[in-house]
Amino acid sequence: MSKNAVYWLWLQKALGEGARFKEIIDDFGSIKSLFEANILEWKMSPALVPKQISRLEKIRLDEAEKIIELCNRNGWQIIDYDDDKYPKRLKDIVNPPAVLYVEGDLPDIDESVVLGMVGTRKASEYAVKVTELMSRGVAKSGAVVVSGGALGVDSAAHRGAILCGGKTVAVLGCGFGTNYLMGNKSLRDAIKKNGALITEFPPLTPATKFTFPLRNRIISGISLGVLVVEASVKSGSLITANFALEQGRDVYAVPCSILTPQYAGTNKLIDDGAAVATKPADLLYPYAEKYGIDLSKVRSIDQLMKETADKSANVISAEDEKLSFEYLEEGRQKREKREKAAITLSGNTLTVYEVLTDNFQHIDIITENSGLSVSAVLSALTALEISDLAISAGGKRYKRS
C-alpha cells in the first residue's frame, strides 16, 4: 500500500470499478493533485464529465479510511495503482483497477509466465481432466496459472497447479468477506497458500452479473496468454478471450467435439484465429526463450496422465487430496457395500447411475447422457443419494460416491 492508497480508494469509490481514470490522472499530474484540486479545476478539466465531478464531491475520504481499517483488521492487503507491487502488465490495459485487494502472496506477475485458463462452469469430465493436466504441465514448468475461482474449468485450473506445487491466482468477482460459493472455500484456502486471491471489489461487495465481466479483464490483463477450455458461444469465457485480444494477449483454445454444440464457442475461437493448444508446451512455447523455460523438460499429456494414474509417483498431502475429487478413496468395506447396493438398481435409477462417473458432472450433462427428463433424473439422483451411491456438490453437480 503506497502513501497515496487512501486517495486511490477514494477515486475508486467515486468512479466505480472498471472506470477509466488514466486521462484524469494525466491531466492533474497525480492522484493526490486530483484530490486536492477545487471544484472549479475539476470543471475545467476535459478529462472529467459532470457526473464524475458530482461523485467526486460526494465521496468523503473517511469512507476510504474505513476500508483500510477493515482490511488491516482482516489481513487483506491493498495494492493501489502507485504501489511498487502493482503489476506493470496490468497497468498496460486501458482500464486497470485503481486498487487491488489481495489475500495470500501475489507472485511476481511481471517476471513470470502467467497463463489464464477459463471455461464453462458446467464442465464435462473431459474438460475438467484436460484443464487439470494442462495446468499441471505449465505450473510444473514454473508458470503461474490464473483463473476465476469458480466451479468447473476454473476449479480444475487452480487444482492442477496446486497439486503439483505450482503457483496460482484466483481473480474474484466479489469482495473479500462475502459468502460467495462457500462450496469452493477449501479450494480458495489452498489457493491462498499457493498464491493469492485478488479482487478489485471492496470488502463485502457481493457477486452480481455485473461484477464477473469486470473481473475477466483482470484475468487477461495479468496474463501473457489465455486458454479457453469448453465454452458456449455466449460464454463469459469468450468475454475474457475478447479482453485478451483487445489487450494484445495471446488466445489459445482446446478443440471441442463437433458433436457437443453447447460448447461451440471454443471451436469458433479457433475459426477466428485462436491458437490450438493440445499440450502444455503449446502454451509455453511463445515465452520459453524470454523466461528461460526448457521446453524439452515440459511434460507431455501422456506423461502427465501416467503421473496422475500412478499415485506412487505423486506425493499428495491429506489437505490437497480433499481438493482433487478423482483421488478420493474409500475403505474396502464401504466400497463392497455400495457395489452390492448398485446390483439391486433398476429402471431410471440404474440408467442415471450408469451415466455417473467418478468425477462431478453438471445435471445438464447427466440429463443429456441419460436421455431422461430433468424431473426423472432428479428423482433418480435423490434415490441414489439416499442409498449412498451418489454425492452432490454445489452448482448441481453429481458423481458416484
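Structure: above.
It should be emphasised that the depicted structure is a prediction, and the values quoted were computed from it without experimental measurement.

Regarding the sheet that holds strand 6 (residues 195-199)
Here is step 1 of the chain: Read from one edge to the other, the open sheet built from nine strands follows the order 1-2-6-5-4-3-7-8-9, with strand pairing classed as mixed. Across the chains shown, the open sheet's two edge strands, defined by having one partner strand only, are strand 1 (77-80) and strand 9 (275-276).
Here is step 2 of the chain: Here strand 3 (residues 114-119) pairs with strand 7 (residues 225-229) via five bridges, running parallel. Residue pairing in the sheet places Val118 in a bridge with Val228 of strand 7.

Focus on unusual backbone geometry
Here is step 1 of the chain: Of note, Leu204 is a non-glycine position whose phi angle comes to about 75°, a positive value.
Here is step 2 of the chain: Relative to the helices and strands, Leu204 is located in the loop between strand 6 and helix 11 (211-221).
Here is step 3 of the chain: Leu204 sits in the exposed class, given a relative accessible area of 52%.
Here is step 4 of the chain: If you check the backbone angles, Glu230 has positive phi at about 60° while not being a glycine.
Here is step 5 of the chain: Take Glu230: it is sitting in the loop between strand 7 and helix 12 (236-246).

A look at the pattern of salt bridges
Here is step 1 of the chain: Overall, the coordinates contain 14 salt bridges when judged by the stated rule.
Here is step 2 of the chain: Here Glu132 makes a salt bridge to Arg136, at a shortest N to O gap of 3.4 Å. One end of the pair, Glu132, and the other, Arg136, are both in helix 8 (residues 125-140), four residues apart, so they sit about a helical turn from each other.
Here is step 3 of the chain: Classification of Glu132 by relative accessible area gives buried; the value is 3%.
Here is step 4 of the chain: Since its relative accessible area comes to 1%, Arg136 is described here as buried.
Here is step 5 of the chain: Put simply, Glu132 and Arg159 hold a salt bridge, and the shortest N to O gap is 3.2 Å.

Details of the nonpolar core
Here is step 1 of the chain: Ranked by internal contacts, the top residues of the largest apolar core, which has 74 residues, are Trp8, Leu11, Leu34, Trp42, Ile198 and Ile222.
Here is step 2 of the chain: In terms of residue count, helix 1 (residues 5-15) provides more of this core than any other element does, eight residues in total.
Here is step 3 of the chain: Residues Val229, Val254, Ala277 and Ile293 belong to the second largest nonpolar core, which totals 29 residues.

Regarding a nonpolar patch on the surface
Here is step 1 of the chain: A surface patch of nonpolar side chains, about 320 Å² in accessible area, is lined by Ile39, Leu40 and Met44.
Here is step 2 of the chain: For Leu40, the location among the structural elements is in helix 4 (residues 39-44).

Comments concerning the packing of aromatic side chains
Here is step 1 of the chain: Evaluation of the coordinates by the stated rule reveals eight aromatic pairs.
Here is step 2 of the chain: Every member of this aromatic cluster is reached through a ring pair, and the members are Tyr7, Trp10, Phe35 and Trp42.
Here is step 3 of the chain: A cation sits over an aromatic face here: Lys91 above Tyr81, 4.6 Å from the ring centre.
Here is step 4 of the chain: When the ring centre of Phe212 is taken as origin, the NZ or CZ atom of Arg121, which lies over that ring, is 5.2 Å away.

The rules behind each value
- Here, residues in each chain are numbered from 1, in the same order as that chain's written sequence.
- Selection of residues for local features in this predicted model requires a pLDDT of at least 70, selection of side-chain atom pairs for listing and counting requires 80 or more, and totals for whole chains, interfaces and linings are taken over all residues.
- Based on all heavy atoms of the structure, the side-chain values leave hydrogens and waters out of the count.
- The pairing criterion is simple: DSSP has to find at least two bridges between the two strands.
- Only DSSP runs of H or I reaching four residues or more are called helices, and only runs of E reaching two or more are called strands; each is numbered from the N terminus.
- Think of it in three bands: residues with accessible area under 20% of the maximum for their type are buried, residues over 50% are exposed, and the middle band is partly exposed, with areas taken using a 1.4 Å probe on protein chains only.
- Any Lys or Arg side-chain nitrogen found within 4 Å of a carboxyl oxygen on Asp or Glu counts as a salt bridge.
- For our purposes a nonpolar core is just a set of buried Ala, Val, Leu, Ile, Met, Phe, Trp, Tyr and Cys residues, chained together by side-chain atoms within 4.5 Å.
- Residues enter patches when their relative accessible area tops 30% and they take part in no salt bridge; the joining distance is 9 Å for like charges and 5 Å for the nonpolar side chains Val, Leu, Ile, Met, Phe, Trp and Tyr.
- Working definition of accessibility: Shrake-Rupley area with a 1.4 Å probe, residue cover restricted to the visible protein chains.
- Put simply, two rings from Phe, Tyr or Trp (the six-membered ring, in Trp's case) pair if the centres are within 6.5 Å, and we call them stacked under 30 degrees between planes, edge-to-face over 60, tilted for the rest.
- Here, over-ring charges are defined by two tests on the NZ atom of lysine or the CZ atom of arginine: distance to the ring centre within 6 Å, and angle to the ring normal within 35 degrees.

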